[in-house]
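Secondary and tertiary structure notes
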Amino acid sequence: MALIKCPECGRQVSDQAAACPECGYPIRKVEYKSVTVSHRLGGGYGGKDEYQRLLSEGWQVVDERLEESENDDGEVYAVHWHYKLQK
């Protein structure tokens, strides 16, 4: 991490900051990714390895949502975790 001069107001700000805390000028572009981890009940996971890889690369979860899949009888047969990550 290094301190840089904000191009807008001149204040010293971290080069890792999304925006200058003084004037709000964007310092670095925030990236977003979405990943879904699915678990079929009685079976395995899908998407788990990608999710864990992104976390190990420094991505952070900013939103998550749980969704269930049901068969025609209304029984849940799979669950899906939808994650929004940012870096």
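Look up a bit, the structure's there.
Residues numbered from 1 in each chain as written. Predicted model: local features only at pLDDT ≥ 70, side-chain atom pairs only at ≥ 80, totals over all residues. Heavy atoms only, no water.

This paragraph deals with the sheet that holds strand 3 (residues 32-40). The 4 strands are arranged 4-3-6-5 in an open sheet whose pairing can be described as antiparallel. The sheet is open, and its two borders are formed by strand 4 (45-46) and strand 5 (60-70), each paired with just one other strand. Two strands pair when backbone bridges link them, and strand 3 and strand 6 (residues 76-86) are joined in this way by 9 bridges, in the antiparallel orientation. Residue Ser 38 lies in a different strand from strand 6, and its bridge partner there is His 80. The sheet contacts of helix 1 (residues 48-56) involve strand 3, strand 4, strand 5 and strand 6, and relative to strand 3 the element is tilted by about 140 degrees. (Pairing = 2+ DSSP bridges. Helix = DSSP H or I, 4+ residues; strand = E, 2+ residues; numbered from the N terminus. Contact = heavy atoms within 4.5 Å. Axes fitted to C-alpha atoms, helices over the stretch in contact; angles between N-to-C directions.)

Below, the discussion takes up the nonpolar core. Of all hydrophobic cores here, the largest spans 7 residues; its members are Val 35, Val 37, Tyr 51, Leu 54, Trp 59, Tyr 83 and Leu 85. Elements supplying a minimum of two residues to this core: strand 3, helix 1 and strand 6. Every residue in contact with Leu 54, bar those within four places of it in the chain, is listed here: Lys 33, Val 35, Trp 59 and Leu 85. (Core = buried A, V, L, I, M, F, W, Y, C linked by side-chain atoms within 4.5 Å. Buried < 20%, exposed > 50% of the residue type's maximum accessible area, 1.4 Å probe, protein only.)

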